[in-house]
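What follows is each chain in one-letter form.
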Amino acid sequence: GDVAVIRVANSFAGLHAMSRAVRATVPRQLVGITGSAGKTTTKELLAAMLAPRYRVAKSPGNLNNLYGFPLALLGIPDDSEWMVAELGMSTPGELREVSLLARPDVVVFTNVRPAHLEFFGSVRAIAEAKAEILAGLAPDGLVIANADDEEVRRIARRAPGRVVWYGFGEDAEVRAGAVEVSPGGRVGSRFLLTAGAEEVTVSLPLLGAHNIENCLAAAAAAFSLGVPLAVIATTVATVVPAAMRGVVHSLAGAVTVVDDCYNANPAAVEHALQAAATLAAARRWAVLGEMRELGPAAVEFHRAAGARAAALGFDPIVGVGELSRELVAAAGAAGQWISDAETAAREAPAHLRAGDLVLVKGSRGVGLEVVVRALIARSLELEPLP
């Protein structure tokens, strides 16, 4: 058929002009989620929670910056009542511009952690950049904020309208109690979700305590938008992790591979190690790629990760990439260094034994998914446990 061509002097400016024109009518309302970690998981959970009540669209993948958000917006159905959008940034000033394009009716703050430090210099500076999302918030907009995160508490109080706090403490309006992580050594957690005067037991099939925090963020938003707690609990029970974000592969030979190789920062590596350590296994080991964009603190963060992995009993601890030399050094006798992901995919599977649990995690640029594929292939060749 015929194709329309719109010719513009600057394609970036043209993309933003189109976004502003579309956003004037579509979607009817928008949730913008920001934070150092948990944005994608929170987005997936919230979109699922809203779906029984509204026509919901969501950002595909992590299209969340000045290029990605417009592409996500332009791809949603015209009749969308809510769009659940991940809004991110890697430099100061960027999130303000993204927020002015997105014009969120609801803002969700997940957390503020050491990530992109080479562009910001401090966690306080990262928090200030996250606060820029408030620039585009509707005048009567709602803010959903993590009560347990000191920096989030500081920036969320600037919101002009209502703030709903979520967390594990008694002062949070939406909170989790009676928490059980990996009950019986199985993937997932169970907790009591309280909102207002209501409560419900939630079974979350995602790995790790950090995902309870993501679930609380989504639940606080959904509940505030009129979704009953019973519907939230029913929805949560059916969620699956996004690709390479804590996907647990249960394989031949009683092997478990935790594919968490989408990205990494110090807090995320700590969460992944803790989560993997709660699962039942004969032996635990890890393939940890370097963490990028950490600036001058990179050496210290990699050493801390290696020491933590060793303290939790991971052995061997395979470090991949130049910066991970420090991680391996701090891991002591358990440490082994490999230069790149392709080499690791050839060499690391030789360590695999029946009954093993292997955690694979690293920055996106390291590309550790090739290691996950190699481990899965190797598991098929193992003799089963006696």
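Higher on the page you've got the structure.
Below: a short report on this structure.

**Here we look at the pairing of strand E1 (residues 29–34)**
Within E1, 5 of the 6 residues are buried, which leaves the element mostly enclosed by the surrounding structure. Two elements, E1 and strand E3 (residues 82–86), share 5 bridges in a ladder whose sense is parallel. Pairing of leucine 30 across the sheet is with methionine 83, part of E3. For E1 and strand E4 (residues 106–109), the ladder comprises 4 bridges, and the chain directions are parallel. Its bridge partner being in E4, threonine 34 is matched across the sheet by phenylalanine 109.

**Regarding the pairing of E4**
Where burial is concerned, the two faces of E4 agree: the one with Val106 and Val108 and the one with Val107 and Phe109 are both buried. Looking at chain direction, E4 and strand E5 (residues 142–146) are connected through 4 bridges and run parallel. Its bridge partner being in E5, phenylalanine 109 is matched across the sheet by alanine 145.

**Points about the sheet that holds E1**
Taking strand neighbours across the sheet as the criterion, the 9 strands line up as E2-E3-E1-E4-E5-E6-E7-E8-E9 in an open arrangement whose pairing is mixed. Of all strands in the sheet, those bounded by a partner on one side alone are strand E2 (56–58) and strand E9 (198–204). Sheet twist, expressed as the average angle between the axes of neighbouring strands with direction ignored, equals 15°. Pairing analysis gives 3 bridges linking E2 to E3, with the strands arranged parallel. Residue pairing in the sheet places valine 56 in a bridge with tryptophan 82 of E3. Along the sheet, helix H9 (residues 229–236) contacts strand E8 (189–195) and E9; its crossing angle with E9, the most-contacted strand, is approximately 5°.

**So, the side chain of asparagine 211**
When you line up the elements, asparagine 211 lands in helix H8 (residues 210–224). Among the residues examined, asparagine 211 registers a relative accessible area of 7% and is labelled buried. At 2.8 Å, the side chain of asparagine 211 forms a polar contact with the backbone oxygen of leucine 207. One polar contact links asparagine 211 to asparagine 214, side chain to side chain, over a distance of 3.0 Å. Discounting residues that sit within four places of it in the chain, asparagine 211 has contacts with Thr41, Leu204 and Leu206.

**Topic: the packing of helix H2 (residues 39–50) against H8**
Where H2 contacts H8, the axes come no closer than 8 Å and their chain directions differ by 40°. Considering their axes alone, H2 and H8 lie oblique with respect to each other. Where H2 crosses over H8, the handedness of that crossing is right-handed. In contact with Thr41, Thr42, Leu45, Leu46, Met49 and Leu50 of H2, H8 contributes Asn211, Asn214, Cys215, Ala217, Ala218, Ala219, Ala221 and Ala222. In the contact of H2 with H8, the residues fall into 10 nonpolar, 4 polar and no charged.

What counts as what
- Residues numbered from 1 in each chain as written.
- Predicted model: local features only at pLDDT ≥ 70, side-chain atom pairs only at ≥ 80, totals over all residues.
- Heavy atoms only, no water.
- Buried < 20%, exposed > 50% of the residue type's maximum accessible area, 1.4 Å probe, protein only.
- Helix = DSSP H or I, 4+ residues; strand = E, 2+ residues; numbered from the N terminus.
- Pairing = 2+ DSSP bridges.
- Axes fitted to C-alpha atoms, helices over the stretch in contact; angles between N-to-C directions.
- Contact = heavy atoms within 4.5 Å.
- Polar contact = N/O pair within 3.5 Å; in protein donor to acceptor, adjacent residues only side chain to side chain.
- Parallel < 35°, antiparallel > 145°, perpendicular 65-115°, else oblique.
- Left-handed = near helix turned anticlockwise from the far one by under 90°.
- Nonpolar A, V, L, I, M, F, W, Y, C, P; charged D, E, K, R; others polar.

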